[in-house]
Amino acid sequence: MDANTPNHPTAQPSPSPSPPLPPSPPPPQAKLKDFKACQFSSWYHTFRNCYSTSEQEQLCNDLERAEPRKHATIRSVILQPLPAAFFEYLMHDGVHVPKGTNVSSCASGVVNETDDSDDESWSSDTGRTDLTKPTSRLLTGDDDDDENENETEHEKPVVAKSYEFPELTQSIANAIRKLGGSVVPKLNWSCPKDAAWVNGNSLKCTTPGDVYVLLSSSDFVMHDLLYSCTATDAAADEGKGEGEGKTPPSGVTKLAHDTELYSLVLRRWCNFDKGMEFRCFVTCNTIIAISQRDYTQPYPFLEREKTAIRRDIMEFFEEIIRPNFPAEVTRPTDNYDDVVQEYVFDCYIDRKRQVWLMDFNVWGSQTDPLLFEWSELVTMGHNRNAAVREVTEEKPNDEAARGTANTCVLTSTPLPEIRIVSGNEDIRCDPLASYRAPIDAMDLTSDSFQKFMSTCKQES
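Quick caveat: nothing in here was measured; it's all calculated off a predicted structure. (Residues numbered from 1 in each chain as written. Predicted model: local features only at pLDDT ≥ 70, side-chain atom pairs only at ≥ 80, totals over all residues. Heavy atoms only, no water.)

Participant: Even after reading the chapter, I still don't get the sheet that holds strand β3 (residues 264-268), so can you show me in this structure?
Facilitator: In a beta sheet, neighbouring strands are held together by backbone hydrogen bonds and run either parallel or antiparallel to one another. The antiparallel open sheet is built from three strands, whose spatial order is β1-β3-β2. At either margin of the open sheet sits one strand with a lone partner, and together these are β1 (76-79) and β2 (183-186). Here the strands of the sheet are splayed against their neighbours by 20 degrees on average, with no regard to which way each runs. Of the strand pairs in this sheet, β2 and β3 are connected by four bridges, and their pairing is antiparallel. For Lys186, the partnering residue across the bridge sits in β3 and is Val265. (Pairing = 2+ DSSP bridges. Helix = DSSP H or I, 4+ residues; strand = E, 2+ residues; numbered from the N terminus. Axes fitted to C-alpha atoms, helices over the stretch in contact; angles between N-to-C directions.)

Participant: Just checking my understanding: could you explain the packing of helix α4 (residues 84-91) against helix α9 (residues 219-227) for this structure?
Facilitator: In a packed pair of helices, the relevant descriptors are the angle between the two axes and the axis-to-axis distance. α9 packs onto α4 with a crossing angle of 125 degrees between their chain directions and a minimal axis gap of 10 Å. As far as their axial angle goes, α9 and α4 are oblique. Note that α4 runs across α9; the crossing there is left-handed. Every residue of α9 that contacts α4 at Phe87, Leu90 and Met91 is listed here: Val221, Met222, Leu225 and Leu226. By residue class, the composition of the contact of α4 with α9 is seven nonpolar, no polar and no charged. (Parallel < 35°, antiparallel > 145°, perpendicular 65-115°, else oblique. Left-handed = near helix turned anticlockwise from the far one by under 90°. Contact = heavy atoms within 4.5 Å. Nonpolar A, V, L, I, M, F, W, Y, C, P; charged D, E, K, R; others polar.)

Participant: In this structure, what is going on with the pattern of salt bridges? I would like to understand it.
Facilitator: According to the stated counting rule, one finds ten salt bridges in the structure shown. Arg419 is the salt-bridge partner of Glu376, the closest N and O atoms lying 2.7 Å from each other. Linking Glu376 in helix α12 (residues 374-386) with Arg419 in strand β10 (residues 417-419), this pair joins segments that are 43 residues apart in sequence. A relative accessible area of 27% places Glu376 in the partly exposed class. (Salt bridge = Lys/Arg side-chain N within 4 Å of Asp/Glu carboxyl O. Buried < 20%, exposed > 50% of the residue type's maximum accessible area, 1.4 Å probe, protein only.)

Participant: What should I look at first to understand the packing of aromatic side chains in this one?
Facilitator: Between two aromatic rings, the relevant description is the distance of the centres plus the angle of the planes. Scanning the model with the defined rule gives 24 aromatic pairs in all. An aromatic cluster of at least three residues, connected via ring pairs, comprises Phe40, Trp43, Tyr44, Phe47, Phe317, Phe325, Tyr343, Phe345 and Phe360. The aromatic ring of Trp269 is capped on one face by Lys204, whose charged end is 4.2 Å from the ring centroid. (Phe/Tyr/Trp six-rings, centres within 6.5 Å; stacked < 30°, edge-to-face > 60°. Lys NZ or Arg CZ within 6 Å of the ring centre and 35° of its normal.)

Participant: When you look at the side chain of Asn361 in this model, what are you seeing that I'm missing?
Facilitator: Take Asn361: it is sitting in strand β7 (residues 355-362). Asn361 gets classed as buried once you look at its relative accessible area, which sits at 14%. Here the side chain of Asn361 touches Asp346 through a polar contact of 3.2 Å, side chain to side chain. Setting aside residues up to four positions removed in sequence, Asn361 forms contacts with Cys38, Arg279, Tyr343, Val344, Asp346 and Thr367. (Polar contact = N/O pair within 3.5 Å; in protein donor to acceptor, adjacent residues only side chain to side chain.)

Participant: In this structure, what is going on with the sheet that holds strand β4 (residues 277-283)? I would like to understand it.
Facilitator: With mixed pairing, five strands are arranged side by side in an open sheet as β7-β6-β4-β5-β10. Both edges of this open sheet fall to β7 and β10, since each of them pairs with a single strand only. Across this sheet, the average inter-strand angle for adjacent strands is 25 degrees, counted without regard to direction. Relative to strand β5 (residues 286-292), β4 is paired through six bridges, and the arrangement is antiparallel. Bridging across to β5, Val282 finds its partner in Ile287. Strand contacts of helix α11 (residues 301-324): β4, β5, β6 (342-349), β7 and β10, with the helix running at about 120 degrees to β6, the strand carrying the most contacts.

From the geometry alone we can't say anything about function, so treat these as descriptive.
Spelled out as structure tokens, the structure:
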């Protein structure tokens, strides 16, 4: 160092601030074509009988199965069209059973606390009560000693409007018998899971009255009626008529679609092991993520089964789902935008390691991402799309390429991420728990716990 140079420490540059994290991608919004492709009636018949006899035998040999696969989904009955009075009944305030119908457990006043596997407790002849024929003071409120004393001569009891659709009731009864005596109801998209508490904490229905009570008690079903197919993106809304594909105003009481679009689906009831139900997220015709459906309790055995579960689901997807869903992919099309490129499907793995298709859902915020977040899934989808090479334009005379044009082709297919609840630290709150409590109680608990306790201590 030069003697004339002052001995000062070298100044260190101040660290530059770290760049801000990129914003999370917004949750996707499904288009109208996605809703139509995922409604039950659009895909059920395709997946009920997927193979011809020769294809089944060949597949049995290829996969070394003892028996050929006959069906890919559960036996169901679709009732359509539905009477207009039925929709009025579903949107009517209160829970009432139509004339000429009865219920099993939900009107007895006793909640069935046994497990769904106890078939004896679900005998169709046990505990059946007809709500149209009052049998107890609990159901009718007929208390001469207490309530009548508070009534004045000017007060008149409110008479609920009665409904009756005998043809639909008979069709439901016939379907229940056809499907083995017990069914699970749903509309085009949603199952009334939020109303299971009114039916003994089960979706199992043995009478038409059970079906009516579950459907009329469900907010999920009401969403199907009033708001289905309304959360579309701006591009899907362009060129639509007034009210078509638009988000309805608050307080809307008009059906989102014509009654002809809706159908009542009755699926055969099965005693499923909740730990073996999974939701799969598909983008660019490839599974990118798999989530366990029931995250309210741990399933330690799933940790050692993860690899086998992923393999079984991916084989089922390659063999059953991808060649057959959606219908647009299996037919030639000149417009890539017409193809449903992203969707979600639910499946179940039984004790024989056979995978069963349960339902399809739209790729969008209307579908619960379960153990994932939609921001994660959108990012995964973007990364997967980066690994996709565009398909060459289909030549008019190239019949061999017909059916594969406008579909995604991956240069590589990484394994999808699978998430399960293997321990207590992975447990999440049951999203349906809020539907089992009075709405007043939910309003009280929306504030802080201290405020809730102070409210409880106030004198009434």
